[in-house]
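Examining the three-dimensional arrangement
Now for the letters of each chain:
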Amino acid sequence: MPGQSEVMMHTILSKTMVTERTWHMRVAAPLVARKCRAGQFIMLRIHDSGERIPLTIADWDRDAGFIDIYFQEIGATTELLATLQAGDSILDVVGPLGNPSHVEKITGTFVMVGGGFGIAAGYPVARAFREAGNRVIAVLGAKTRKLLICEEMLRAVCHEVYVATNDGSYGIQGLVSDVLQGLLDGGEDVRLVFPVGPPIMMKIISQMTLPHKIKTMVSLNSVMVDGTGMCGSCRVTVAGKTRFVCSEGIDFDGHEVDWDEMMSRQKMYGKQEAEALSYHREHGACCGGVR
Amino acid sequence: MPHQDPAERVRNFNEVALGWDRETAVAEARRCLVCKNPQCVTNCPAEIDIPGFVQKIAVGQFLEAARILRASSALPAVCGRVCPQETQCELTCVMGKKYQPVAIGRLERFASDYALFAEELQIPDPAPPTGKKVAVVGAGPAGITVAGDLVKLGHDVTLYEALHEPGGVLVYGIPEFRLPKKIVRLELDIIKKLGVRLVSNFVVGRTATVDELLEDFDAVFLGNGAGAPSFLNIPGENLNGVYSASEYLTRCNLMKAYTFPGNSTPVAQGRKVAVLGGGNVAMDAVRMSLRLGADEASILYRRSRKELPARIEEIENAEEEGVKFNYLVNPVRFVGNENKWVTGVECLRMELGEPDTSGRRRPIPVKGSEFIVDVDMVVVAIGQSANPIVASTATGIETTERGYFIADDDGRTTKPGVFAGGDIVTGAATVILAIGAGKKAARAIHDYLEKGVWPEIST
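Values in this document were obtained by computation on a predicted structure and should not be read as measured data. (Residues numbered from 1 in each chain as written. Chains lettered and ligands numbered in written order. Predicted model: local features only at pLDDT ≥ 70, side-chain atom pairs only at ≥ 80, totals over all residues. Heavy atoms only, no water.)

**A look at the sheet that holds strand S4 (residues 53-61) of chain A**
Residue and element names in this part refer to chain A. Judged by pairing direction, the sheet is antiparallel, and its 7 strands sit side by side in the order S6-S1-S2-S5-S4-S3-S7 without closing on themselves. The sheet is open, and its two edges are formed by strand S6 (89-90) and strand S7 (92-97), each paired on a single side. Sheet contacts for helix H2 (residues 76-83): strand S1 (10-19), strand S2 (22-28), strand S3 (41-45), S4, strand S5 (66-72) and S6; angle to S5, the most-contacted strand, approximately 125°. (Pairing = 2+ DSSP bridges. Helix = DSSP H or I, 4+ residues; strand = E, 2+ residues; numbered from the N terminus. Contact = heavy atoms within 4.5 Å. Axes fitted to C-alpha atoms, helices over the stretch in contact; angles between N-to-C directions.)

**A few points about the interface of chain B and chain A**
Each partner contributes residues to the interface: chain B has 51 residues there, and chain A has 50 residues. Considering only the side of chain B, the residues that lose the most area to chain A are Arg206, Asn238 and Ser264 of chain B, jointly responsible for 17% of the buried surface there. The residue Glu212 of chain B makes a salt bridge to Lys35 of chain A at a minimum N-O spacing of 3.2 Å. Across the chain B-chain A interface, the total number found is 25 residue pairs in polar contact (both at pLDDT 80 or more). Considering each element in turn, the side of chain B that touches chain A owes the most residues, 4 residues, to helix H12 (residues 245-252) of chain B. Classifying every residue of the side of chain B that touches chain A gives 25 nonpolar, 17 polar and 9 charged. (Buried area = accessible area lost by both parts, 1.4 Å probe. Salt bridge = Lys/Arg side-chain N within 4 Å of Asp/Glu carboxyl O. Polar contact = N/O pair within 3.5 Å; in protein donor to acceptor, adjacent residues only side chain to side chain. Nonpolar A, V, L, I, M, F, W, Y, C, P; charged D, E, K, R; others polar.)

**Side note on the environment of Val94 of chain B**
All names here are of chain B. Looking at where Val94 falls in the secondary structure, it is placed in the loop between helix H6 (76-82) and helix H7 (104-116). C-alpha of Val94 to C-alpha of Gly438: the two residues are 344 residues apart in sequence and 28 Å apart in space. Once residues within four sequence positions are removed from consideration, Val94 is found in contact with Leu33 and Cys35.

**Looking at the pattern of salt bridges**
This structure, assessed with the given rule, holds 48 salt bridges over all chains. For the salt bridge of Asp59 of chain A with Arg127 of chain A, the shortest nitrogen-to-oxygen distance reads 2.9 Å. In this pair, Asp59 of chain A is assigned in strand S4 and Arg127 of chain A in helix H3 (residues 118-131), connecting sequence segments 68 residues apart. For the pair Asp59 of chain A and Arg127 of chain A, one class covers both residues: buried. In this structure, Arg135 of chain A engages Glu188 of chain A in a salt bridge whose closest nitrogen and oxygen atoms are separated by 2.7 Å. Residue Arg135 of chain A is found in strand S9 (residues 135-142), and its partner Glu188 of chain A is found in the loop between helix H5 (176-185) and strand S12 (190-196); the two are separated by 53 residues along the sequence. When salt bridges that share partners are traced, they join Arg9, Arg178, Asp284, Arg287, Arg291, Glu314, Glu320 and Glu321 of chain B into one network. (Buried < 20%, exposed > 50% of the residue type's maximum accessible area, 1.4 Å probe, protein only.)

**Structural notes on unusual backbone geometry**
Cis geometry marks the peptide bond from Gly95 of chain A to Pro96 of chain A, where omega comes out at -5°. The topology assignment puts Pro96 of chain A in strand S7. Residues Gly249 of chain A and Ile250 of chain A are joined by a peptide bond in cis, for which omega reads 15°. Considering the arrangement of structural elements, one finds Ile250 of chain A in the loop between helix H7 (245-248) and strand S16 (251-253). The backbone of Leu328 of chain B shows a phi angle near 55°, a positive value even though the residue is not glycine. Its place among the elements puts Leu328 of chain B in the loop between strand S9 (324-326) and strand S10 (329-336). Even without glycine at this site, Lys340 of chain B takes up a positive phi of about 60°. Take Lys340 of chain B: it is sitting in the loop between S10 and strand S11 (342-355). Given the relative accessible area of 31%, Lys340 of chain B is considered partly exposed.

**Some words on the sheet that holds strand S3 (residues 197-199) of chain B**
Backbone hydrogen bonds are what pair the strands of a sheet, in a parallel or an antiparallel way. Residue and element names in this part refer to chain B. Across the sheet, which stays open at both edges, the 5 strands sit in the order S3-S2-S1-S4-S16 with parallel pairing between neighbours. The sheet terminates laterally at S3 and strand S16 (418-420), the two strands that pair on one side only. On average, adjacent strands in this sheet sit at an angle of 20° to one another, irrespective of strand direction. Of the strand pairs in this sheet, strand S1 (residues 133-137) and strand S2 (residues 156-160) are connected by 5 bridges, and their pairing is parallel. Within S2, the residue paired with Val136 across the bridge is Leu159. Contacts from helix H8 (residues 141-152) reach S1, S2 and strand S4 (219-222) within the one sheet, and its direction differs from that of S2 by about 165°.

**Focus: the packing of aromatic side chains**
This model, assessed by the stated rule, comprises 14 aromatic pairs over all chains. Plain terms: the ring middles of Phe110 of chain A and Phe129 of chain A are 4.0 Å apart, the flat faces sit at 10° to each other, and that makes the pair stacked. You can see Phe110 of chain A sitting in strand S8 (residues 109-115) and its partner Phe129 of chain A sitting in helix H3, a full 19 residues away along the chain. For the pair Phe244 of chain A and Phe231 of chain B, a centre-to-centre distance of 6.2 Å together with 90° between the ring planes defines the contact as edge-to-face. Highlighted residues: Phe244 of chain A in strand S15 (residues 241-244) and Phe231 of chain B in the loop between strand S5 (227-229) and strand S6 (242-244), drawn from two different chains. This pair shows no difference in class: Phe244 of chain A is buried, exactly as Phe231 of chain B is. Over the ring of Trp60 of chain A we find Arg127 of chain A; its NZ or CZ atom is 5.1 Å from the centre of that ring. When the ring centre of Phe217 of chain B is taken as origin, the NZ or CZ atom of Lys133 of chain B, which lies over that ring, is 5.1 Å away. (Phe/Tyr/Trp six-rings, centres within 6.5 Å; stacked < 30°, edge-to-face > 60°. Lys NZ or Arg CZ within 6 Å of the ring centre and 35° of its normal.)

**Looking at the environment of Lys105 of chain A**
By secondary structure assignment, the location of Lys105 of chain A is in the loop between S7 and S8. Taking the C-alpha atoms as reference, Lys105 of chain A lies 18 Å from Phe252 of chain A; in sequence the two are 147 residues apart.

**Details of the packing of helix H6 (residues 199-209) of chain A against helix H8 (residues 259-266) of chain A**
Residues and elements named next belong to chain A. Relative orientation of the contacting elements H6 and H8 amounts to 175°, with a least axis distance of 10 Å. With respect to each other, H6 and H8 are oriented roughly antiparallel. Contact residues: H6 offers Pro199, Ile200, Met202, Lys203 and Ser206, while H8 offers Trp259, Asp260, Met262, Met263 and Gln266. (Parallel < 35°, antiparallel > 145°, perpendicular 65-115°, else oblique.)

**Side note on the pairing of strand S12 (residues 361-365) of chain B**
Pairing of S11 of chain B with S12 of chain B involves 4 bridges; the strand directions are antiparallel. Among the inter-strand pairings, Pro355 of chain B is bridged to a residue of S12 of chain B, identified as Arg361 of chain B.

**A word on H8 of chain B**
Residue and element names in this part refer to chain B. Its 12 residues give H8 an end-to-end C-alpha distance of 17 Å, which sits within 8% of 16 Å, the value for a rise of 1.5 Å per residue. Burial within H8 is extensive, with 11 of its 12 residues counted as buried. Residues of H8 that are buried: Pro141, Ala142, Gly143, Ile144, Thr145, Val146, Ala147, Gly148, Asp149, Leu150 and Val151. Residues of H8 that are buried make contact with S1, S2, helix H9 (169-172), helix H10 (181-193), S4 and helix H17 (431-451). A positive backbone phi angle near 95° is found at Gly154, which sits one or two residues after H8. (Expected span 1.5 Å × (residues − 1).)

**Structural notes on the pairing of strand S13 (residues 215-219) of chain A**
The side chains of a regular strand alternate, first on one face of the sheet and then on the other. Residues and elements named next belong to chain A. When you tally the buried positions in S13, you get 4 out of 5 residues, the bulk of the element. Both S12 and S13 contribute to a ladder of 2 bridges, which runs parallel. Each residue of the ladder has a partner; that of Val193, found in S13, is Thr216. In this fold, the crossover linking S12 to S13 by way of H6 has right-handed handedness. (Right-handed = clockwise from strand over helix to strand, strands pointing away.)

Written as structure tokens, this is what we have:
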């Protein structure tokens, strides 16, 4: 039976920088790999005085017992995570959490719209829709070419991949919404859109698809503590009702999400996050217990 | 019992009640009449031999007293601190009819602590292995009890915990100043030394389902707790600065946010804090906010002091520490600023009408009495509801409309081999009731493992 050994070692098997301050990590997590499906996430805690953070599971190998995660260095915990090397281990990895994305054969085209490092979270969902026999298009956005991640992986599972960069260094110059507009204008039979990335992008995409009555499923990245529905930190208003992202999501109908509330809740700890970051930069070594 | 001085203790996180010395404990234990038909025991869900252990304290055999306690309860040092003895064992103590009842809870704490900190902790030899395997889901009071009782009978027990640390509400909910985490760890160490295998970071319902567990275990006990915070569902509740008590206390206790940034989990440090609710959890939250630097911390409660569900000891502790109690007020909405941070709780004044189904006088709103309490942080402490993760991923386990497992008095669910107890059956209750449910379930599980018979359940 899974979990028969008391000490579960979550060894980092490999670590690669995919673009500046953004990493791919392969972590031994047999219990998670055994069961996870597209759209699910883990909570991890690096060491004894660390916080628990949610990260989407981008890929997995059930037989080899590992999962792939992507993260961007944006705070104390992710900066510390980036200092770990292959062979080091992560104290706590728990999952798979959240409900798997609802994947089915649909009429028409599935479009994954990925922004920034959210692209990695969109990858398994795009792949699952492809495996379910759908026509799958990925629209990827980045500020500039060198910040674009996971393009090759997506090309391998999508019928078409479009790229938008803000500076025009790759693909079209503009935003992912411009590409999506082009698809709609060009007669692509888009029936399901899956935006994943910064909340403002998910909001804009959801607003775009609303008049077209195109179903839009969003994958929300809220602030979480336990990740199992116990605390309500991740709550968001959907269709006027309070929902918990971790236990009832993470996918919701983008047309029904109260985006302004979601975005303000995401910034609740902005000040403390900055404080933690400077503290950990100063006291880096104190975090202890990493190896 | 000596307490830390209120002015001092609101500036630290250390335990408030300091415990007894030997002389005080022995003197108190000698007050016990050693009734032939002890009424205290009949009112103890953990079925502790109360006169037995008290007599051992009276003659100075403290380790022996602890051994008697531990024979019935896996968590005596915890219960000695957080049990509402005044409504249980001490309520029916014969001494209490004329005088003060024997302070059973304080004696329980004294003897358990004495043994926990003694150099040589005596671990009883387990019974010969039965070869039967049991999975216990949730390392809270109910699960710890079941695991402890079954391992002593020789069963092979695996205790699964969703969080990174075992203890359930004892570690994420009850603050250090009321229940030091070291005490919980020491009690858990004993369970582990008895042979219970503890697996943390394992979310039953996600990491594996109950059905999958049954492929490998002869029986499963579900003690996963209520596990989902309730909200008032009034406007503005999702403003920043509004917490559920579960979140606020988990950040502070389990994640040690009070040492931020040394521990990296943040928590809002409200200056003007309102806690909505009147139970023990509300008292824990409001007292925690004072220790985190609140200038003003108040309880907003819709009935009067008499109806407060919290233990009188905790209410008095809160009052001594300067918590303000606003009675007969009912929040109707939260007000926020341009940054979507909470700035006020709009309330209605209430008056008490006729008794309701709970026997308490029903609060009735006074028309036109709206007023705003200024705040910069709010904790909603109005209870918990059933977390659906375990039930929704299992087959054949029936739940009530509100999502709690249906179980008979011995914890049998509607699925053969699966037992349940604690808050996930009863709804949010006390540590001792969960322990009581655990004891009954452990007996029923043992019986089932021995005989292999699954009776028709009657609930």
